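Residues per chain are reported as follows:
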Amino acid sequence: MATLINDEIVLMSLLDVLQSSKKKSKTLQQRKRQWNHNKKKSQLNEELSRQLPIFSYKQTYELIFINSMSFFFGLIRLRELAHRTAYFTVDTEIDDFSKQPALIQVEFVSSLVESDKNEQKKHIIVFEMFHMPSIKSPIYLQIQRLINTIFHPSKTLFAWGNEKKELIKFNIYPLFKCIPLHQLEIINVQDEFKYWYNDTYPHDSYCSMAIVKDKEDDPSCTCSHRPYKQQNNPWALQRAVANVLEEFLDKSLTVSNWGIGLDIRLMKSSLTEKENQERLKLINYATNDCFATTKLASIIGPSYLFAHH
């Protein structure tokens, strides 16, 4: 069988044609599943936004962007702080426009014991990978040293989900090529949360799973407070925040253009009020994912977080 590709006649076997057709069919099926998945997430987001107060981080914190506009001595101060910090919460964002890894958010966690009475200022930094200085810049070297200090095997990183899988995408940047990713201790709070939740919120007495004294998730479970019915179903961060903190964590901005430059110092001209508000929403989204993960980690406690490590 012959086909025309770039004005050239190319011979194709029947097997090639069938495989190509099968691949297209699979792609369409994947798109349909993704569309249905996104639709359900959007519906849940809307539903929770009507039922719960919006998630808010009540403690004082300092937000610092790491990019070409970073101050030399400010980076040195952050590195010194990172040396003294044992725990960090990490999250990442992919730019929807370019499909490239764009942001790494890092919260400095001074203690796993959260308290609203604790007046110590928190720190969260955002690496804007699309807006880094030249490799020859002295600022670049300080950013590299800061990254090496945070992403070090001696530190413990918390994340919601498989963060190694996400961080490996940043190997396209020279700043992250030297990170010993496979040596890092990254605790998947999402996995540990499931163990903690099932122990803390057992099946209702009328549920069939309670009769057999099984704490695991199961399709036969009828408990409304246990939304996941399969053992391999991971908890969404939004759902965990809703069930435990009784707050609404907005996830409507998951797919966004994260490479636009959130730091207003990067802007060559003044922004309109609408543009300012759009950036503020993206900043709140990016930081809240870290804050929510840390909050849940503190509720779970070390006995669960480190049980499988």
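What counts as what
Residues numbered from 1 in each chain as written. Predicted model: local features only at pLDDT ≥ 70, side-chain atom pairs only at ≥ 80, totals over all residues. Heavy atoms only, no water. pLDDT = per-residue confidence, 0-100. Helix = DSSP H or I, 4+ residues; strand = E, 2+ residues; numbered from the N terminus. Contact = heavy atoms within 4.5 Å. Axes fitted to C-alpha atoms, helices over the stretch in contact; angles between N-to-C directions. Parallel < 35°, antiparallel > 145°, perpendicular 65-115°, else oblique. Left-handed = near helix turned anticlockwise from the far one by under 90°. Buried < 20%, exposed > 50% of the residue type's maximum accessible area, 1.4 Å probe, protein only. Expected span 1.5 Å × (residues − 1). Arc of directions from axis to C-beta. Core = buried A, V, L, I, M, F, W, Y, C linked by side-chain atoms within 4.5 Å. Pairing = 2+ DSSP bridges. Salt bridge = Lys/Arg side-chain N within 4 Å of Asp/Glu carboxyl O.

Draft legend 1. Here's a closer look at the confidence of the model for the chain. For the chain, per-residue confidence averages 87 on the pLDDT scale, and residues scoring 70 or more make up 85% of the total. When mean pLDDT is taken per element in the chain, strand β7 (residues 156–159) scores highest with 98 and strand β1 (residues 2–5) scores lowest with 46. When the criterion is pLDDT under 50, residues 3–10 qualifies, and its contacts beyond four places in sequence or with other chains add up to nine contacts.

Draft legend 2. Up close: the packing of helix α6 (residues 189–200) against helix α9 (residues 273–300). Viewed as axis vectors pointing N to C, α6 and α9 meet at an angle of 40 degrees, and their least axial separation amounts to 10 Å. With respect to each other, α6 and α9 are oriented oblique. Between α6 and α9 lies a crossing of left-handed hand. Facing α6, whose interface residues are V189, E192, F193 and W196, α9 presents T293, L296, A297, I299 and I300.

Draft legend 3. Unusual backbone geometry, seen in detail. Its identity is not glycine, yet K99 carries a phi of approximately 65 degrees, on the positive side. Among the structural elements, K99 can be located in the loop between β4 (87–94) and β5 (101–109). The exposure class of K99 is exposed, given its relative accessible area of 55%.

Draft legend 4. Fine view of helix α2 (residues 72–84). Helix length check: α2, at 13 residues, gives a terminal C-alpha distance of 19 Å against a target of 18 Å (1.5 Å per residue), a fit within 8%. Within α2 the residues assigned to the buried category are L75, L78, L81 and A82. All buried residues of α2 project into a common sector of 120 degrees when viewed along the axis, lining one side. For α2, the exposed residues lying more than 90 degrees away from the buried face are F73, H83 and R84. Those residues of α2 hidden inside the fold are in contact with β3 (61–66), β4, β5, β6 (122–128) and α3 (138–150).

Draft legend 5. Molecular detail of the nonpolar core. Counting 33 residues, the largest nonpolar core has I66, I125, F127, I150 and F151 as its most contacted members. Among the elements that make up this core, the one with the highest residue count is α3 (six residues). Once residues within four sequence positions are removed from consideration, I150 is found in contact with A82, F88, V106, F108, I125, F127, K155 and L157. If you look at the next biggest cluster of nonpolar residues, it comprises 27 residues, including V189, L249, F291 and A292.

Draft legend 6. Examining the sheet that holds strand β8 (residues 185–188) more closely. Strand order in the open sheet formed by six strands is β3-β6-β5-β4-β7-β8, with mixed pairing between adjacent strands. Two strands lie at the open edges of the sheet, namely β3 and β8, each paired on one side alone. Direction aside, neighbouring strands of the sheet carry axes that sit 25 degrees apart on average. Sheet strands touched by α6: β7 and β8. Its angle to β8, the strand with the most contacts, is close to 45 degrees.

Draft legend 7. Fine view of the pattern of salt bridges. Per the counting criterion, the structure on display carries eight salt bridges. We note a salt bridge from D96 to K99, for which the minimum N-O separation is 2.7 Å. Owing to a relative accessible area of 29%, D96 belongs among the partly exposed residues under this scheme. Where E166 meets K169, a salt bridge forms, and the shortest distance between an N and an O atom there is 3.1 Å. Through salt bridges with shared partners, a single ionic network connects E62, R77 and K121.

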